[in-house]
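Chain residues, written in single-letter form:
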There are 2 protein chains.
Amino acid sequence: MDSAERVDLVIARLKEAGEVGVAELAEASGHSEMTIRRDLDRLESQGVLRRVRGGAVSLVPRGQEPPYVLRERQAVEAKQRIAARVAALVPTGAALALDSGTTALEVARELAGRPVTVMPLSLQGADVLARSAETTVLVAGGEVRPGELNLHGPLAEASLAAVRFDVAVVGCCGLSAGDGVTAHDLPDVAVKRAMMRSSQRTVAAADSTKIGLVTMGYVCPVGEIDTLVTDDGAPEDALAEIRAAGVDVVTV
Amino acid sequence: MDSAERVDLVIARLKEAGEVGVAELAEASGHSEMTIRRDLDRLESQGVLRRVRGGAVSLVPRGQEPPYVLRERQAVEAKQRIAARVAALVPTGAALALDSGTTALEVARELAGRPVTVMPLSLQGADVLARSAETTVLVAGGEVRPGELNLHGPLAEASLAAVRFDVAVVGCCGLSAGDGVTAHDLPDVAVKRAMMRSSQRTVAAADSTKIGLVTMGYVCPVGEIDTLVTDDGAPEDALAEIRAAGVDVVTV
DNA sequence: GCGAAACGAACATACTCAGTGTTTGAATGA
DNA sequence: TCATTCAAACACTGAGTATGTTCGTTTCGC
């Protein structure tokens, strides 16, 4: 069991019980207690948990978005397939606004090197795209959320408002026919709205775990999405409802 | 002779003769030709030179700013000392605009972790600063120059205009009492002006090789600089002239 | 206050990966 | 055509990281 698997184990136990013990993890993973302690210390510095004597307790509150370091390890393969499909929807020479988040970062990796103009809403996205001379990167301003490295606030919205895009690629935390597109917090909602306002078309990229989910920040009714790209794990009836709202649903 | 020294050697020869040979470099550096080829390939991908059969020719035109990959290896120690002094001038809680460039990047490293609000004008600066939870990062929007990773254009200027700073930390390519503060290109000039316009005080950070130099883009007369931080390698008479213009000159 | 458990600093070991050199066959240009 | 240059493939090396072990210190329950 390697480092990544150990982290998965810690997360799983925290999700079940809300707390874990060092000895218990050492036993289960087959590693020394010292190594487990080092794992837990790292996760604490990433804000995932809080160390207590003998183990650790969960810090991720229910219903809130898990931290970036955890999300980036979830459904990686599905996200890459979705990202490839989204990138294929972007014509050469197009201008697009690219949301923050793990799925959007994969889209950035796919787009890097293609002759398009991109406004990424995250520093990681900007970094990936700026390495290529072919791609024009027009980074949005804004306040950087620590840990997440995404951009929000009035500066971000002003940057988006100053440009017109062919396509907005938005990630979302929840998407259901009844409750529309939702995000985890309000600053993100404002940014997503600004992206959509400045773009002719909106493409939503969401892995199937997001379908049917409803989170706190309401962005818009599903009907405002032009195209949804998701993986094939979503229940067919939920997708049918979304299609009925006029969305072009693509599964990969 | 390690990798960094070999690159220096390549640059030196290119500066003298405009071209270098693989065999010649292998001889001079004491390394195999294969290693030299790999060095040259890397430098080609960084835009420093163009490979030709048997060697390489220079791509950096006279009078233009050398690429970032070269500048970052020049006067490293002086830049770090200057950066530490500049950071010391920034009071806790202050808001500052931070220029792009290698010296400013060192300032960012010094500032990371301190409770200040920073608007960096480069992606690297943003990256360094955003890692710390203590520091508020308000990244400027704008177009990213490939290779350089700095931000310019109307979006950057608009971001700067939307905020008021206590201090602007500007790097410069040239600084002389007679010809004022100069930069290498016009988009940079506009950004530096916008930084200064939005800030109460301007601190210029420039290693001594920049003192007395004049480059193409005129930014402002030296008198508009409040404080200049430089290393002790600058000629005293040049510094005296700058002081006479009302600049508080600090040497480290 | 006492003792057991947990902790973390320090050192030793194992592993990974980037950088380098050598070989060899293909590509290039005089 | 032929010598030179190139680049792919493989082996070697050293730096840096991850892990385990030891041991003295800290913490908590009693």
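Residues numbered from 1 in each chain as written. Chains lettered and ligands numbered in written order. Predicted model: local features only at pLDDT ≥ 70, side-chain atom pairs only at ≥ 80, totals over all residues. Heavy atoms only, no water.

As recorded in an unreviewed UniProt entry, chain A goes by DeoR/GlpR family DNA-binding transcription regulator and comes from Nocardiopsis suaedae.

1. Comments concerning the protein's contact with DNA strand D
In the neighbourhood of DNA strand D, 16 residues make up the surrounding shell, with Thr35(A), Arg38(A), Arg37(B), Arg53(B) and Gly54(B) lying closest. Among the atoms of DNA strand D lying within 4 Å of the protein, the sugar-phosphate backbone contributes 58%. The contact in question runs from a base nitrogen of DNA strand D to an N or O atom on the side chain of Arg38(A), over 2.7 Å. Within the backbone of Val52(B), a nitrogen or oxygen atom sits 3.4 Å from a phosphate oxygen of DNA strand D. Listing elements by their share of the surface near DNA strand D, those giving two or more residues are α1 (3-17) and α3 (33-45) of chain A together with α3 (33-45) and β2 (49-52) of chain B. Counting residues per element, the surface near DNA strand D draws most heavily on α3(A), which supplies three residues. Classifying every residue of the surface near DNA strand D gives four nonpolar, six polar and six charged. (Near = heavy atom within 4 Å. Polar contact = N/O pair within 3.5 Å; in protein donor to acceptor, adjacent residues only side chain to side chain. Helix = DSSP H or I, 4+ residues; strand = E, 2+ residues; numbered from the N terminus. Nonpolar A, V, L, I, M, F, W, Y, C, P; charged D, E, K, R; others polar.)

2. Side note on the protein's contact with DNA strand C
Surrounding DNA strand C, one finds 16 residues, the nearest of these being Gly54(A), Arg6(B), His31(B), Thr35(B) and Arg38(B). Separating a phosphate oxygen of DNA strand C from a backbone N or O atom of Gly54(A) is a distance of 2.5 Å. Here a phosphate oxygen of DNA strand C sits 2.3 Å away from a polar atom, N or O, in the side chain of Thr35(B). For the surface near DNA strand C, the element with the highest residue contribution is α3(B), accounting for three residues. Here the residues of the surface near DNA strand C sort into four nonpolar, six polar and six charged.

3. Points about the sheet that holds strand β2 (residues 49-52) of chain A
Residues and elements named next belong to chain A. On the basis of which strands lie adjacent, the open sheet formed by three strands has the order β1-β3-β2 and antiparallel pairing. Looking at which strands have only one partner, the edges of the open sheet turn out to be β1 (19-21) and β2. Averaged over all neighbouring strand pairs, the angle between strand axes comes to 20 degrees, with direction disregarded. As paired elements, β1 and strand β3 (residues 55-58) share three bridges and run antiparallel to each other. When the bridges of β3 are listed, glutamate 19 appears paired with valine 57. (Pairing = 2+ DSSP bridges. Axes fitted to C-alpha atoms, helices over the stretch in contact; angles between N-to-C directions.)

4. Topic: the side chain of Ser159(B)
Mapped onto the elements of the fold, Ser159(B) is located in helix α8 (residues 154-161). In terms of polar contacts, Ser159(B) uses its side chain to reach the backbone amide nitrogen of Gly141(B), at 3.1 Å.

5. Some points on the interface of chain B and chain A
Note on interface size: it is often stated as the accessible area lost on association of the parts. With 22 residues of chain B at the contact, the number on the chain A side is 22 residues. Both faces considered, chain B and chain A share a buried interface measuring about 1600 Å² in area, 72% of it formed by carbon and sulfur atoms. Considering only the side of chain B, the residues that lose the most area to chain A are Leu123(B), Val139(B) and Leu155(B), jointly responsible for 31% of the buried surface there. Counting across the interface, chain B meets chain A through zero salt bridges. Listed by contribution, the elements that provide at least two residues to the side of chain B that touches chain A are α7 (123-130), β6 (136-139), β7 (142-144) and α8 of chain B. Pairing geometry for strand β6 (residues 136-139) of chain A and β7(B), over two bridges, is antiparallel. (Contact = heavy atoms within 4.5 Å. Buried area = accessible area lost by both parts, 1.4 Å probe. Salt bridge = Lys/Arg side-chain N within 4 Å of Asp/Glu carboxyl O.)

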